[in-house]
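# Observations on the model geometry
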Amino acid sequence: MIVFDGKENIFKIDTENNSYVMGIIDEKYLVHIYYGKKLSGTHLAYLLDMDQEYLNDIHINYGEKSSFLDRLPMEYPTAGMGDFRQSCIEAADTIGKTGVELFYDSYKIIAGKPALDGLPATFGDGAQTLCITLKDDVLKLEVELRYSVFEGNDAVIRSAVITNYGDKPLYIEKVLSACLELGYELHDYITLHGSWARERRIDRQRVGFGCHSVESSRGISSHQEHPFMAVVSEGATQETGDVYAMNFVYSGNFVSFVEKAQFGTQRFGMGINPNGFCWKLEAGESFAAPEVVTVYSDAGLDKMTSTFHDLYREHLIRKSWVYSERPVLINNWEGTYFDFDEKKIFDIAKEASKHGIEMLVLDDGWFGKRNDDRTSLGDWFVNEDKLKGGLRKLVNNINSLGMKFGIWFEPEMISPESELYKKHPDWAVHIEGREPGQVRNQLILDLSNREVVEYVYESVARILRSANIEYVKWDMNRPFTDVGSNVLDADRQGEIMHRHTLAVYELQGRLLKEFPYLLLENCSSGGARFDPGMLYFSPQIWCSDDTDAIERLAIQESTALMYPLSVIGAHVSDCPNHTVGRVTPFETRGVIAMAGTFGYELDVTKIPEEDRNVIASQVETYKKYCPLIQTGDYYRIASYQSNHYFDCYEIVSKDKSEAIVVFVQVLAQPNMHSRCVKLKGLDFSAKYETDGKVYDADALMNGGFIIKRPWGDFKAEIIHLQKCRD
Ligand code: GLA
């Protein structure tokens with residue numbers, strides 16, 4: 001899949017359908033040449049001719065290198081040497097001198113994919129990796145650029161490992177993981193922006209001159225922007241046009257940008273946000289930049305989506321969970337908030353078990369003195385005033401109903417009103433001399449302190465050892481402010497947020513080692529840390545605190561742009577909805593929550609009886625379609641987010657033997673009765689049957705399928721198509 005042509009000085013990475021090409025100019029500059037549809041050969045050096053037009057200038061007078069460097073399509077651009085566009089790396093030595101100049105040194109092509117120290121990463125069989133080493137001999141700084149590909153998948157997975165091969169420390173002030181040069185065509189860029197309970201709305205804008213970027217500096221990937229960007233050809237649609245996309249396998253601060261420079265070329269990059277970041281690299285040490293998954297599609301967003309979905313299912317999510325049926329759960333948060341005792345929880349479980357629900361998840365409020373959100377984070381001991389008889393008794397009682405038990409933690413936090421804070425006020429992230437800002441009455445634990453990491457691990461593990469707990473919801477409910485640590489030297493304060501992310505990875509990795517059967521669901525005030533980094537540890541992530549079915553349409557559509565449906569935590573909740581006050585039919589809430597890991601978020605003993613009576617059949621429908629939802633190819637057919645009336649998507653099994661079409665009429669329109677939706681992905685020459693009627697697949701795909709005259713608002717249906725035997 002990967003070759004080096006020494007005559008042409010060309011590296012060529014081939015995936016199933018695409019090629020990624022780099023070259024070496026003047027024996028020292030590594031430049032980007034091509035990323036797009038698969039090319040047949042390596043006679044590609046001529047594509048560098050344009051970039052070399054100014055090369056002579058620097059041969060005559062090297063001091064004039066800026067005119068050359070500022071137009072070169074650099075594979076890993078550096079700052080301070082004459083390329084004035086966005087850079088990937090900035091560094092300083094111990095006396096504060098900055099500027100990095102990287103020259104090509106060597107390469108190797110290896111079978112498999114080397115691990116990235118302490119970081120989540122794609123894994124699995126059928127990988128090949130190209131490592132290209134660049135060096136700055138003045139700073140004694142080495143950069144190893146890594147490109148991995150998996151057989152049968154089109155993604156190119158990028159990272160960079162920085163090593164200090166000198167004898168004095170270096171300060172890495174910026175280190176991005178990937179950069180792409182996109183040439184002169186007109187492009188749009190797509191990002192996902194949002195807010196609490198309003199995560200990941202699709203935003204599309206023209207790439208004009210200058211730099212356009214999104215970022216998080218909150219210490220988490222965030223509600224507000226998402227570590228994803230796609231740069232697409234003008235007019236690209238779901239099915240047509242070029243798409244270049246990046247998604248970051250990381251859960252902390254990030255930046256992603258596209259910059260159109262003076263000559264019209266466009267540079268696209270992603271990595272850890274340099275704002276507030278500085279990593280001290282001692283002599284001989286290395287720093288691994290997290291992975292960026294790069295995807296090119298020549299056939300619009302649908303093809304991009306399927307590359308991401310397949311990659312994440314095959315090479316990122318833990319094998320033990322990725323395709324296994326998840327228990328249908330009921331979570332008590334919206335049902336009770338903090339107001340519960342062991343009887344109420346048991347009653348909910350008992351009633352839920354009668355309707356086929358398989359797991360009870362006990363949310364916030366079971367520990368310390370936590371009867372509201374003002375206290376007790378950090379005091380991870382069971383509140384036996386609330387749960388009389390203790391946790392083990394409750395878990396045993398729930399297990400005796402044939403149900404599993406899961407529990408909520410927010411391990412990275414400390415409440416100022418807690419036993420832990422009384423003992424260790426210095427364990428909170430804070431800046432000496434300043435009153436630290438609270439969010440939801442809480443502070444963040446300083447995970448750059450090893451003692452704190454050990455305390456957190458033992459607090460969670462002790463509870464998991466104490467009873468038969470099979471699921472953990474790991475929450476993180478505030479952004480970082482007042483970023484300071486008591487245990488780090490002054491020149492290491494810029495490491496705090498990255499160290500925090502690494503510690504979260506370490507903690508979750510350790511938990512899964514000690515409790516390998518555990519189903520982990522990450523959460524962050526809903527979906528503020530919904531990213532591939534977290535997916536590596538938890539095969540499902542709570543998508544949003546907004547459980548309103550209609551709001552969820554947009555949130556789940558955007559989330560599914562790159563994440564498979566089987567990872568999207570989606571629950572049926574009670575109405576009027578707690579976030580927006582909307583009332584939707586219980587059936588519709590069920591259909592929409594099925595585009596995810598299905599569950600309930602309500603007090604089942606309190607909802608109307610006619611709703612309660614629907615639960616068993618919803619669970620049955622979910623179980624019926626679950627294998628298809630988990631393994632099939634997902635296609636977006638219509639978007640309520642853009643048309644404001646209806647939503648439609650389709651899932652087709654890999655062998656094309658069956659498909660489901662999910663149609664939601666959000667608002668009825670007068671004089672607009674039936675809808676016609678063009679299906680995708682079917683076996684073109686086959687016939688499909690639904691509801692006793694047979695259709696030609698080519699007619700369904702070119703002509704469309706007629707959804708009959710839905711009446712009223714908020715109506716949803718699932719159409720199941722089965723391929724006819726010849
Ligand atoms: C966050 C989560 C919710 C719930 C509460 C509990 O907001 O997103 O699902 O767990 O915390 O405090």
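Right above here is the structure, for reference.
Residues numbered from 1 in each chain as written. Predicted model: local features only at pLDDT ≥ 70, side-chain atom pairs only at ≥ 80, totals over all residues. Heavy atoms only, no water.

Time to look at the overall build of the protein chain. Within the protein chain, the secondary structure is distributed over 18 helices and 37 strands. What you see for the protein chain is a C-alpha radius of gyration of 27 Å, in line with the 27 Å of a compact globule of 726 residues. Each of the three principal axes of the protein chain carries a C-alpha extent, and together these read 85 × 70 × 45 Å. Classification of the 726 residues of the protein chain by burial places 61% in the buried group. On the protein chain, roughly 26700 Å² of surface is accessible, and the fraction owed to carbon and sulfur atoms is 49%. If the 77 positive side-chain charges of the protein chain are averaged to one point and the 108 negative ones to another, these points end up 3 Å apart. (Helix = DSSP H or I, 4+ residues; strand = E, 2+ residues; numbered from the N terminus. Rg over C-alpha atoms; globule rule 2.2 N^0.38 Å. Buried < 20%, exposed > 50% of the residue type's maximum accessible area, 1.4 Å probe, protein only. Areas by Shrake-Rupley, 256 points an atom, 1.4 Å probe, with all protein chains shown as cover. Lys, Arg positive; Asp, Glu negative; His and termini not counted. Charge placed at Lys NZ, Arg CZ, Asp CG, Glu CD.)

A word on the sheet that holds strand β28 (residues 568–573). What the 8 strands build is a closed barrel, ordered β20-β21-β22-β25-β26-β27-β28-β29; its pairing is parallel. Within the sheet, the average angular offset between the axes of one strand and its neighbour, ignoring direction, is 30 degrees. Sheet topology note: the strand β27 (residues 540–542)/β28 ladder contains 2 bridges and is parallel. Each bridged residue has a counterpart across the sheet, and for isoleucine 541 the counterpart in β28 is isoleucine 568. In the packing of helix α13 (residues 549–559) onto the sheet, the strands contacted are β27 and β28, and the crossing angle to β28 comes to about 165 degrees. (Pairing = 2+ DSSP bridges. Axes fitted to C-alpha atoms, helices over the stretch in contact; angles between N-to-C directions. Contact = heavy atoms within 4.5 Å.)

Across the 5 residues of strand β29 (residues 597–601), 5 count as buried, placing the element largely inside the fold. Residues of β29 alternate between two faces, with Thr597, Gly599 and Glu601 on one and Phe598 and Tyr600 on the opposite face, all of them buried. Strand direction decides the pairing type here: β28 and β29, joined by 5 bridges, are parallel. Considered in β29, the bridge of valine 572 is made with tyrosine 600. Handedness of the crossover is the feature at issue here: the chain leaves β28, passes through helix α14 (residues 586–593), returns alongside β29, and the resulting connection is right-handed. (Right-handed = clockwise from strand over helix to strand, strands pointing away.)

Attention now goes to the pairing of strand β5 (residues 89–93). For β5, a buried count of 4 out of 5 residues is recorded, marking the element as mostly surrounded by other parts of the structure. Across 5 bridges, the pairing between β5 and strand β10 (residues 170–181) is antiparallel. Residue pairing for β10: isoleucine 89 is matched across the bridge by valine 175.

Taken together, the side chains of Met50, Tyr184 and Phe263 present a nonpolar region at the surface, about 320 Å² in accessible area. Position of phenylalanine 263 relative to the elements: it lies in the loop between β16 (254–260) and β17 (266–272). (Patch = residues over 30% accessible without salt bridge, like charges linked within 9 Å, V, L, I, M, F, W, Y side chains within 5 Å. Salt bridge = Lys/Arg side-chain N within 4 Å of Asp/Glu carboxyl O.)

Moving on, we get to the environment of isoleucine 469. Along the polypeptide, isoleucine 469 turns up in the loop between α10 (450–466) and β25 (471–474). Taking the C-alpha atoms as reference, isoleucine 469 lies 28 Å from leucine 628; in sequence the two are 159 residues apart. Those residues within four positions of isoleucine 469 in sequence are excluded, and the remaining contacts are Leu391, Phe405, Gly406, Ile407, Ile463, Leu464, Tyr517 and Leu518.

Of all residues adjacent to the ligand, which total 13 residues, the nearest are Asp363, Asp364, Lys473, Gly526 and Asp545. Here an oxygen atom of the ligand and a side-chain polar atom of tryptophan 408 are 3.1 Å apart. Protein coverage of the free-state accessible area of the ligand, which is 310 Å², stands at 96%. Looking at side-chain class alone, the shell around the ligand contains 4 nonpolar, 3 polar and 6 charged residues. (Near = heavy atom within 4 Å. Polar contact = N/O pair within 3.5 Å; in protein donor to acceptor, adjacent residues only side chain to side chain. Nonpolar A, V, L, I, M, F, W, Y, C, P; charged D, E, K, R; others polar.)

Another aspect to go through is the side chain of threonine 294. Of note, threonine 294 is situated in strand β19 (residues 286–297). Not counting residues within four places of it along the chain, the set of residues in contact with threonine 294 comprises Tyr35, Asp154, Ala155, Val156, Arg158, Leu180, Ala245 and Met246.

For the rest of this paragraph, the subject is helix α11 (residues 496–514). With 19 residues, α11 extends 27 Å from end C-alpha to end C-alpha; this agrees with the ideal 27 Å at 1.5 Å per step. Residues of α11 that are buried include every one of Ile496, Met497, His498, His500, Thr501, Ala503, Val504, Tyr505, Leu507, Gln508, Leu511 and Leu512, and no others. (Expected span 1.5 Å × (residues − 1).)

To continue, consider the sheet that holds strand β2 (residues 10–14). If you walk across this open sheet you meet the 4 strands as β1-β2-β3-β4, and the pairing is antiparallel. Each having just a single partner strand, β1 (2–5) and β4 (29–37) make up the two edges of the open sheet. The sheet shows a mean angle of 15 degrees between the axes of neighbouring strands, direction not considered. Bridge analysis of strand β3 (residues 18–25) against β4 gives 8 bridges, and the strand direction is antiparallel. Directly across from asparagine 18, in β4, lies its bridge partner lysine 37.

Once that is clear, we can look at the pattern of salt bridges. For side chains of opposite charge, pairing can occur when their charged atoms come near one another. Applying the stated rule across the entire model yields 54 salt bridges. Measuring nitrogen to oxygen at the nearest pair gives 3.1 Å for the salt bridge that ties arginine 201 to glutamate 551. Of the two residues, arginine 201 sits in strand β12 (residues 201–206) while glutamate 551 sits in helix α13, which places them 350 residues apart along the sequence. Pair check on accessibility: arginine 201 and glutamate 551 agree, each one buried. Among the ionic pairs, glutamate 358 bridges to lysine 623, the shortest N-O distance being 2.6 Å. Residue glutamate 358 is found in the loop between α7 (342–354) and β21 (359–362), and its partner lysine 623 is found in helix α16 (residues 615–631); the two are separated by 265 residues along the sequence. Counted as one network, the salt bridges with shared partners bring together Lys280, Glu282, Asp491, Arg492, Glu495 and Arg499.

Inspection of the secondary structure assignment puts tyrosine 296 in strand β19. Considered as a pair, tyrosine 296 and glycine 166 are 130 residues apart in the sequence and their alpha carbons are 38 Å apart. Filtering out sequence-adjacent residues up to four positions away, tyrosine 296 remains in contact with Asn18, Tyr35, Gly36, Lys37, Asp242, Val243 and Tyr244. Within the local environment of tyrosine 296, its side chain forms a polar contact with the side chain of aspartate 242, the two groups lying 2.6 Å apart.

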